[in-house]
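# Structural characterization, general
The chain contents come next:
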Amino acid sequence: MAAAGDSVAELLFYVNGRRVIEKNADPETLLLPYLRKKLRFTGTKYGCGGGGCGACTVMISRYNPISKRIRHYPANACLVPICSLYGAAVTTVEGIGSTTTRIHPIQERIAKCHGTQCGFCTPGMVMSIYALLRNNPEPSLDQLTDALGGNLCRCTGYRPIIDACKTFCKTTDCCQSKENGVCCLDQEINGLPGFDEDSKANSKLFSEEEFLPLDPTQELIFPPELMIIAEKQPQRTRLFGGERMTWISPVTLKELLEAKVKYPQAPVVMGNTSVGPEVKFKDVFHPVIISPDRIEELCVIKQTCDGLTLGAGLSLAQVKDVLADVIQNLPEEKTQTYQALLKQLRTLAGAQIRNMASLGGHIMSRHLDSDLNPLLAVGNCTLSLLSKEGKRQIPLSEQFLRKCSHADLKPEEILISVNIPYSRKWEFVTAFRQAQRQQNALAIVNSGMRVYFGEGDGIISELSISYGGIGLTTICAKNSCQKLVGRPWDEEMLYAACRLVLDEVSLPGSAPGGKVEFKRTLIISFLFKFYLEVSQMLKRMDPVHYPSLADKYESALEDLHSRHHWSILKYQSADPRQLSQDPVGHPIMHLSGIKHATGEAIYCDDMPAVDQELFLTFVTSSRAHAKIMCIDLSEALSLPGVVDIVTAEHLHGVNTFCLFNEPEKLLATDKVCCVGQLVCAVIADSEVQAKRAAKRVKIVYKDLEPLILTIEEAIQHNSFFEPERKLEYGNVDEAFKAVDQILEGEIHMGGQEHFYMETQSMLVVPKGEDQEMDVYVSTQFPKYTQDIVASVLKIPANKVMCYVRRVGGAFGGKAVKTGIIAAITAFAANKLGRAVRCILERGEDMLIIGGRHPYLGKYKVGFMNDGRILALDMMHYSNGGASLDESLLVIEMGLLKMDNAYKFPNLCCRARACRTNLPSNTALRGFGFPQAGLITEYCITEVAAKCGLSPEKVRMINMYKEVDQTPYKQEIDAKNLMQCWRECMAMSSYSLRKVAVEKFNAENYWKKKGLAMVPLKYPVGLCSLAAGQAAALVHIYLDGSVLVTHGGIEMGQGVHTKMIQVASRELKMPMSNVHLRGTSTETVPNANVSGGSVVADLNGLAVKDACQTLLKRLEPIISKNPQGTWKDWAQTAFDESISLSATGYFRGYESDMDWEKGKGHPFEYFVYGAACSEVELDCLTGDHKNIRTDIVMDVGFSINPALDIGQIEGAFIQGVGLYTLEELNYSPCGVLYTRGPNQYKIPAICDIPTELHISLLPPSQKSNTLYSSKGLGESGLFLGCSVFFAIHDALSAVRQERGLSGPLKLSSPLTPEKIRMACEDKFTKMIPRDEPGSYVPWNILV
Ligand SMILES: Cc1cc2nc3c(=O)[nH]c(=O)nc-3n(C[C@H](O)[C@H](O)[C@H](O)COP(=O)(O)OP(=O)(O)OC[C@H]3O[C@@H](n4cnc5c(N)ncnc54)[C@H](O)[C@@H]3O)c2cc1C
Ligand code: FES
Ligand code: FES
């Protein structure tokens, strides 16, 4: 749609040193799909499409002909329009190294340090580190972790990635901290005895000696052609015209102004980090975009007597560097605003966004949660504007922020620069922000505050306070500030200010974003912090006239404990008697580690397009409970590229599939039962066309009653899935009569999103012959996919081949719903006779798939005054959502595991799964145990509080100690549980640190520390023999090489690596001789779902069986020629007609559970462990920092300590997310708000404990399992609740100090909101509260 008279340019840029010319560049095309689909660089991954996850990180390099410098920076390819890349060089993970050429040291180290599991985040991680090292080959660890702030990983828990980073730092052995002049090498951890390194145990999982050196001279050079082009002046405006959009890139200011006159409504796109997400997620469309390119005037950096002038085109990262520089060189009193801006810039988004986003774009976007605008507004900044009419300046005022026309830019004006005045003597400026997560999270509330005392007399001459996150844009508390001018800076003024500001910056109960009371509290908590900070500075400047703050209160001003990351691992060395080539017991790198890091590992959507391939997208219900009155497909069908729309009518007769007791519907028929239910599927030539058409499908609904969303509503309406489950032991009623005290309570626990980095993906290819169908799918359960596809197509299962090479994380979320989606995709493929691909976007995935069940636990507990629990009566309710899925199994597992590590002599626990109008919840790592275990631990904490004992003491008293019986009467030997507990106590120096924490708490009023230790008993097993059967197929080829297949799915846990270790041990051949390609229903039929921590164990026994069969057959040949090679033996076997292929089988562990009798042997073994965590809280903001965690685990004989530790810590961090961070928000109508990383926060690198110590118990018992190993996929997740209880401990200290009576009622996750609101104080008392029922809240607790 290029404008008449303009000539359309050719787009020229480079990718990985390769020249790319686009003659018809479409301005709507973004770099990520262009790289992946057009250039086939599939190493760069899609994780969210909105800049929030970092999976798509690439490096962009640009040459500046004036400075003659090349700027390299990381960028999110998902937000970069290709038209913005003219003259730039893009480097993707493929461009820095590959297994076919040379792997880059970053790729090598991240893999060899075990920093990859599923590997989906790895290319993004690699590129973030790469971009940093290109600019700074010897960075500090701080710089490295900062560079990774915009990259999420759901698997590893980040520790191994930090380990890899450390190898690039100047000094790798040290924490690099010189806080107070001491570093970790000089001082004991926390001033207390450090981790006791046992010399017999191993602590290194990799060997640095073998790493390739980093040689900056080896990097790809900036393309000389692009330098020449950049130097060649003058250039002319470039124009790119697409089907619907025109892109204008002026290269001079004059051209920019002309373009703005011509298209006054066109946005001026700089970083596209604001416009891009609006186009993508809010359906905003711009027919014309103006994107200035290298206009010098927009990049000025000028210091004058009025302050610092910064060009609107500077990136936020450049602004950060400039400010850091200016602060170094100017007196402190002049740089108050700059320091505050710098503070905000450190936590604003991640490095990629900071490098892409421009200062002008940031200011002009006027986002409600902008971190800089509140400061720029209080800092008296002015904006320099330019248009064809001339220059003018406007203040960055409240009116400007509110877009009042008299104070705003005119449509044809451009923001050229911003002037930020120097601060004056007796002027103080401060910034505050509180977000759900410390890094890469938009602020819940932020603020900029400035006060000026004129002559230094302590009387307010000027005061400005602005807040973000409260209204539609930044809000200034102007009237309040005016009223406070002339008042002395004292407590009276503070409280008057709090009242005034609360009045002026008011927030209704139903305000979007919720957290209303928290926001109100933050508004005045920040004010208090400002008051203290200024008081402290006044005191520093004039100690005679200004009083000191009491020591106890100074803690309000200190930043949360920030030490550098430090980890120590301890595991038992492999048996020295083992053969030297036997890899079992060694920390072998993930088989695909290097390929993950080079981007060569192929995931489902990386597969090339099949000829004539189509794309399928779903239309989902927008109502939670409604009758479908009509569906109008006509408009959607009429759009170009649309091939078909599949509805329930097409699926007549095959629209249901029964995995458990209740049939699941594939597509909605006459009614919908949740928002996100699949209604129909649009199939088009391309993803873009399918998505456009899906938006045109019109569905008319009629709402139905009742609408049941919460557990409480389900209880009210008696809406449950049947049956109720119950577990009883002893006699509770009798026991209650004999106890000293009885306590009743409850705790609610929120759900959790899987947030696997690779969204649901599949490609279905009809073979065109005999109705055969190949399904390439990212699933944990290929057999189920095969079955459901066969059922929908009415063909036998033997016609459907389901293949999984690897899965980019699953955690339980890629089983049931994946099968349903695959079945519909297969139906479409079959109907149309063409291959169909379906890849869910992050938001769709989160909406449709469901996650961990929210729980409500109610308990009545009877105990003695010494802490012994004698009677426990408990009820679990889970929110199962609209269909059964695995909800019944989840509550059953929750029940069977609810005792955790405790012997409750008299117990009655019942569980019900609630049927609600939410998307069906499903399996998620831990399967009911993380919820049930938390309820039990919470109950114990309450008992401890009642008894006046520490929770650890009560835990210890009630723990299983020796051979005993579980509530379902299975025998348990708890020796290792006790050992884990004791070792964790010792390793963490629990007693000493408890004293230190108490001392800290006594000395600090506004900061509190907490310490907690929880034990773990995780039963492993599947409650059924059949569910535990596994099979494998092993071939030996005539060259002696071996191919292994088995029924397990590689989803990051390293099962394939372990299987190769097994084959290598059994066949006594090096691992390099064994290969594994993937999992297919053709090679291993009827495989069980991969999950439940048993995949390696069960499949390993099958692989072992197959290998032993082969070895037995070959033994006579080998013994005849012991010096021969595998090639010789294979050839001889062939010549003697001995089969070189064998299946292996494991029939499962004998297990059963009789729910009628409440008795059984459902589990094969127990994993034991303990974790001790310490946190520090900021009582004014609700922020917390994980300071240290010590974990001891009994893993039996570890087959691969690197993978096992990886599972433990990865699960632990996922647990930290579950219990303290991850919050799903639903509207009162049942719409999930949290549909991407920008709203839903999983742990980032900033959330891991500063110190992490993991120790594996030396193996003690031989067992039936694979080499006496234990499965560890799930258990570690529960240990994340040690952080929850450490926060609980800190909050108890807060409340005790403040004399707050009554029990501390908390729920999970313990987010900053809940922490802050539990720290009741004069500020929480001051805020207005809304009567429940007097407003419609933004969100509800489901
Ligand atoms: C994942 C993610 C995380 C984020 N996290 C944070 C955060 O933690 N804190 C925070 O404060 N912000 C955050 N942001 C917002 C981010 O700061 C803004 O999106 C960014 O600063 C906008 O800059 P841009 O150059 O990309 O703007 P663009 O998208 O290019 O443009 C935005 C708007 O500015 C206008 N504009 C740009 N330049 C000019 C000019 N010179 N003259 C006139 N108009 C102009 C355009 O017309 C357009 O309307 C985040 C964004 C993302 C995507
Ligand atoms: S895909 Fe680009 S940041 Fe997530
Ligand atoms: S390895 Fe990071 S997301 Fe899986």
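Residues numbered from 1 in each chain as written. Chains lettered and ligands numbered in written order. Predicted model: local features only at pLDDT ≥ 70, side-chain atom pairs only at ≥ 80, totals over all residues. Heavy atoms only, no water.

## Focus on the nonpolar core
With 318 residues, the main nonpolar core has Tyr467, Trp489, Phe618, Met1193 and Phe1284 as its most contacted residues. Counting residues per element, this core draws most heavily on helix 18 (residues 516-541), at 14 residues. Those residues in contact with Trp489, other than ones at most four positions away along the chain, are Val451, Phe453, Gly458, Ile460, Leu463, Phe530, Tyr531, Val534, Ser535 and Leu538. (Core = buried A, V, L, I, M, F, W, Y, C linked by side-chain atoms within 4.5 Å. Buried < 20%, exposed > 50% of the residue type's maximum accessible area, 1.4 Å probe, protein only. Helix = DSSP H or I, 4+ residues; strand = E, 2+ residues; numbered from the N terminus. Contact = heavy atoms within 4.5 Å.)

## Describing the sheet that holds strand 38 (residues 1007-1020)
Strand order in the open sheet made by the 5 strands is 18-48-47-46-38, with mixed pairing throughout. Strands with a single pairing partner mark the edges of an open sheet, and in this sheet they are strand 18 (566-570) and strand 38. Between one strand axis and the next, the sheet turns through 10° on average, direction left out of account. With 10 bridges connecting them, strand 46 (residues 1165-1178) and strand 47 (residues 1184-1194) associate as antiparallel partners. For Glu1174, the partnering residue across the bridge sits in strand 47 and is Arg1188. (Pairing = 2+ DSSP bridges. Axes fitted to C-alpha atoms, helices over the stretch in contact; angles between N-to-C directions.)

## A closer look at the confidence of the model for the chain
Looking at the chain as a whole, the pLDDT averages 94, with 97% of positions reaching at least 70. In this model residues 1-5 is a low-confidence stretch, pLDDT under 50, and it forms 14 contacts with partners more than four residues away in sequence or in other chains. (pLDDT = per-residue confidence, 0-100.)

## As for the site of ligand 1
Contacts to ligand 1 come from 34 residues, most closely from Val268, Met270, Thr273, Ser358 and Asp371. Contact between ligand 1 and Val275: an oxygen atom at 2.8 Å from a main-chain N or O atom of the residue. When the free accessible area of ligand 1 is taken as 990 Å², the share hidden by the protein chains comes to 92%. Among the secondary structure elements, those contributing two or more residues to the shell around ligand 1 are helix 13 (359-365) and strand 13 (414-420). (Near = heavy atom within 4 Å. Polar contact = N/O pair within 3.5 Å; in protein donor to acceptor, adjacent residues only side chain to side chain. Areas by Shrake-Rupley, 256 points an atom, 1.4 Å probe, with all protein chains shown as cover.)

## Some thoughts on the state of the cysteines
Counted by the stated rule, this structure contains 0 disulfides. Here Cys113 is not cross-linked by a disulfide; its sulfur's nearest cysteine counterpart is in Cys165, at 9.0 Å. (Disulfide = S-S within 2.5 Å.)

## Focus on the UniProt feature "domain: FAD-binding PCMH-type" (unreviewed entry) in the chain
Per the UniProt record, "domain: FAD-binding PCMH-type" (unreviewed entry) is annotated on residues 240-425. Taken end to end, residues 240-425 is 36% helix and 20% strand, and its two terminal C-alpha atoms sit 52 Å from one another. (UniProt positions renumbered as here; feature names shortened; annotations may be inferred.)

## Considerations on unusual backbone geometry
Residue Glu722 is joined to Pro723 through a cis peptide bond whose omega torsion reads -5°. As for its placement among the helices and strands, Pro723 is situated in strand 27 (residues 720-729). The omega angle of the peptide bond from Ser1308 to Pro1309 is 0°, so this bond is cis rather than trans. Positionally, Pro1309 belongs in the loop between helix 37 (1281-1297) and helix 38 (1312-1318). Unusually for a residue other than glycine, Gln612 sits at a positive phi of about 65°.

## Some thoughts on the UniProt feature "binding site: [2Fe-2S] cluster 1" (unreviewed entry) in the chain
According to UniProt, the feature "binding site: [2Fe-2S] cluster 1" (unreviewed entry) maps to Cys48, Cys53, Cys56 and Cys78 in the numbering used here. Considering the C-alpha atoms alone, the annotated residues occupy 31 residues of sequence yet fold into one spot, their largest mutual distance being 10.2 Å. Checked against the element boundaries, Cys53 lands in the loop between helix 1 (31-38) and strand 3 (57-64). For Cys53, the residues in contact, after removing those within four places along its chain, are Gly47, Cys48, Gly150, Asn151, Leu152, Met757 and Pro1237. Tracing the backbone shows Cys56 in the loop between helix 1 and strand 3. Aside from chain neighbours lying at most four places away, what touches Cys56 is Leu32, Thr44, Lys45, Ala75, Asn76, Ala77 and Cys78.

## Some points on helix 7 (residues 224-231)
The α-helix winds at 3.6 residues per turn, so residues separated by three or four positions along the chain end up facing the same way. When we look at burial in helix 7, the residues that qualify are Leu226, Ile229 and Ala230. The buried residues of helix 7 all sit within an arc of 100° when viewed along its axis, so they share a single face. Where helix 7 is buried, its residues meet strand 1 (11-15), strand 3 and strand 5 (89-91). (Arc of directions from axis to C-beta.)

## With respect to the pairing of strand 35 (residues 907-915)
Burial of strand 35 is extensive: 7 of the 9 residues sit out of reach of the surface. In this sheet, strand 35 lies alongside strand 27 in antiparallel orientation, the contact comprising 7 bridges. By the bridge assignment for strand 35, Arg725 is matched with Ala911. Pairing analysis gives 9 bridges linking strand 34 (residues 869-881) to strand 35, with the strands arranged parallel. From the neighbouring strand, Asn879 faces strand 35, where its bridge partner is Cys914. For the handedness criterion, the β-α-β arrangement of strand 34, helix 28 (residues 887-897) and strand 35 is classed as right-handed. (Right-handed = clockwise from strand over helix to strand, strands pointing away.)

## With respect to the pairing of strand 9 (residues 301-304)
Where strand 9 and strand 10 (residues 307-311) come together, 4 bridges link them in antiparallel fashion. Counterpart to Thr304 in the pairing with strand 10 is Gly307. Joining the antiparallel neighbours strand 9 and strand 10 is a turn of 2 residues.

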